[in-house]
Amino acid sequence: TLGAVTGAGFNLTLDTGHFVGADIAGTTVANVGTLTLRDAGTATFTGAIGTNTAVAVTDAVTLVDFQGAVTTPTLTIPGTATAYNVNLTGTGGVVTNAVTFANTGTLTLGAAGGTLTFTGGLTATANSTRTLLGTIQSSDAAMTFGAVTLGADTTLDTMATDGTGDLTLGAVTGAGFNLTLDTG
């Protein structure tokens, strides 16, 4: 269990072993060069994550759970032999790179009333299920989703200005929530 971490620009690697019960629990991470979650049963951060370089997940057994805003130039979520779940459910956050959520477990993005920005766009098609909430946007970059379930009223907006900000979406299960699609 970690309290608030201030990295002074240094890298932080957390590794508890690749088995259920080997968990990482933390609050906030600020001013870290790269935060690497190398192996964990479950990794949960309840506060904001801010890095200067990257947030890199190399593997987890069950869940990587970012409950606060994640602000980072690079987010890496690879596919591995373990079908781990990923949640980014803070009410804000900005990820600069184009992110491919390659984890094959579930994916939950956003928070009701919140705005999550993927400046370089995102691809989320490998996940077993995808749940979306709030506003998820890019900055004139493509966003591609497989089938999704709405967990709250949801807006997907690529803010396209030149034709490169396409929005591709599989089947939608609305669960009574509203969906707004905007590419301009």
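Before reading on, note that the structure itself is shown above.
Residues numbered from 1 in each chain as written. Predicted model: local features only at pLDDT ≥ 70, side-chain atom pairs only at ≥ 80, totals over all residues. Heavy atoms only, no water.

### Here we look at the overall build of the chain
Our working definition: Only DSSP runs of H or I covering at least 4 residues are called helices, and only runs of E covering at least 2 are called strands; the numbering of each starts at the N terminus. Computation of the radius of gyration draws on C-alpha atoms, with the globule rule given as 2.2 Å multiplied by the number of residues to the power 0.38. Exposure classes here rest on a 1.4 Å probe applied to the protein chains alone. A residue is buried below 20% of its type maximum, exposed above 50%, and partly exposed in between. Residues are treated as being in contact if the distance between any of their heavy atoms lies within 4.5 Å. Per-residue accessibility takes into account occlusion by the displayed protein chains alone, with areas from the Shrake-Rupley method and a 1.4 Å probe.
On a plain count of helices and strands, the chain comes out with zero helices and 21 strands. Expected size for 184 residues packed as a compact globule is a radius of gyration near 16 Å; at 16 Å, the chain falls within 12% of this value. Here the C-alpha coordinates of the chain stretch approximately 40 × 30 × 25 Å along the principal axes. When the 184 residues of the chain are sorted by exposure, 48% land in the buried category. Put simply, of all contacts in the chain between residues at least 6 apart along the chain, 24% involve residues at least 24 apart. Carbon together with sulfur atoms contributes 55% to the accessible area of the chain, which is approximately 7,300 Å² in total.

### Some words on the pairing of strand S10 (residues 85-88)
The test is simple: Between any two strands, pairing holds if DSSP finds at least two bridges.
Two strands pair when backbone bridges link them, and strand S7 (residues 63-66) and S10 are joined in this way by four bridges, in the parallel orientation. The residue of S10 that forms the bridge with leucine 63 is asparagine 85.

### Side note on the packing of aromatic side chains
The following threshold applies: Aromatic contacts are taken between Phe, Tyr and Trp rings whose centres are within 6.5 Å, Trp giving its six-membered ring; a plane angle under 30 degrees counts as stacked, one over 60 as edge-to-face, and the others as tilted.
Following the criterion strictly, the structure yields two aromatic pairs and no others. Between phenylalanine 45 and phenylalanine 66, the ring centres sit 5.9 Å apart and the planes meet at 15 degrees, which makes this aromatic pair stacked. In this pair, phenylalanine 45 is assigned in strand S5 (residues 42-45) and phenylalanine 66 in strand S7, connecting sequence segments 21 residues apart. Taken as a pair, phenylalanine 45 and phenylalanine 66 share a single burial class, namely buried. For the ring pair phenylalanine 101 and phenylalanine 118, a centre distance of 5.8 Å and an interplane angle of 85 degrees mean the geometry is edge-to-face. Taken as a pair, phenylalanine 101 in the loop between strand S12 (99-100) and strand S13 (107-109) and phenylalanine 118 in strand S14 (residues 115-118) lie far apart in primary sequence, 17 residues in all.

### Considering the nonpolar core
Rules: Remark: nonpolar core denotes a set of buried residues (Ala, Val, Leu, Ile, Met, Phe, Trp, Tyr, Cys) joined through side-chain atoms within 4.5 Å.
Among the nonpolar cores identified, the biggest contains 37 residues, and Leu37, Leu88, Phe101, Leu109, Phe118 and Phe145 are the most heavily contacted of them. Sorting elements by how many residues they give to this core places strand S4 (residues 29-39) first, with four residues. Setting aside chain neighbours within four positions, we find phenylalanine 145 in contact with Leu109, Leu122, Ala124, Thr125, Leu132, Ile136, Leu156, Leu167, Thr168, Leu169 and Gly170.

### Brief notes about the pattern of salt bridges
To keep it simple, the criterion reads: One side-chain nitrogen of Lys or Arg within 4 Å of one carboxyl oxygen of Asp or Glu is enough to make a salt bridge.
Scanning the model with the defined rule gives one salt bridge in all. Between arginine 38 and aspartate 15 there is a salt bridge, and its shortest N-O distance comes to 2.9 Å. On the criterion of sequence distance, the pair formed by arginine 38 in strand S4 and aspartate 15 in strand S2 (residues 12-15) is long-range, its members being 23 residues apart. With relative accessibility at 43%, the residue arginine 38 sits in the partly exposed group.

### A short note on a nonpolar patch on the surface
This is how it is decided: Patch definition: residues with relative accessible area over 30% and no salt bridge; like charges joined within 9 Å; nonpolar side chains (Val, Leu, Ile, Met, Phe, Trp, Tyr) joined within 5 Å.
On the surface, Val172, Leu179 and Leu181 cluster together to form a nonpolar patch covering roughly 220 Å² of accessible area. Here leucine 181 is to be found in strand S21 (residues 179-182).

### Brief notes about the side chain of threonine 72
Note the cut-off: Under this definition, polar contacts are N or O atom pairs within 3.5 Å; protein pairs additionally need one hydrogen-donor-capable and one acceptor-capable atom, and for neighbouring residues in sequence, both atoms have to be side-chain atoms.
Mapped onto the fold, threonine 72 is located in strand S8 (residues 70-72). We classify threonine 72 as buried; its relative accessible area is 2%. Of the polar contacts made by the side chain of threonine 72, one reaches the side chain of threonine 51; its length is 2.5 Å. In this structure, threonine 72 is in contact with Thr51, Thr53, Ala54, Val55, Val94, Val95 and Thr96, ignoring residues within four places of it in sequence.

### Side note on the sheet that holds strand S15 (residues 122-124)
Read from one edge of the open sheet, four strands run S12-S15-S17-S19, paired in parallel fashion. Since the sheet does not close on itself, it has two edges, and those belong to S12 and strand S19 (167-168), each with one partner. In this structure, strand S17 (residues 143-145) lies alongside S19, joined through two bridges in parallel fashion. Within S19, the position partnered with threonine 144 by the bridge is threonine 168.

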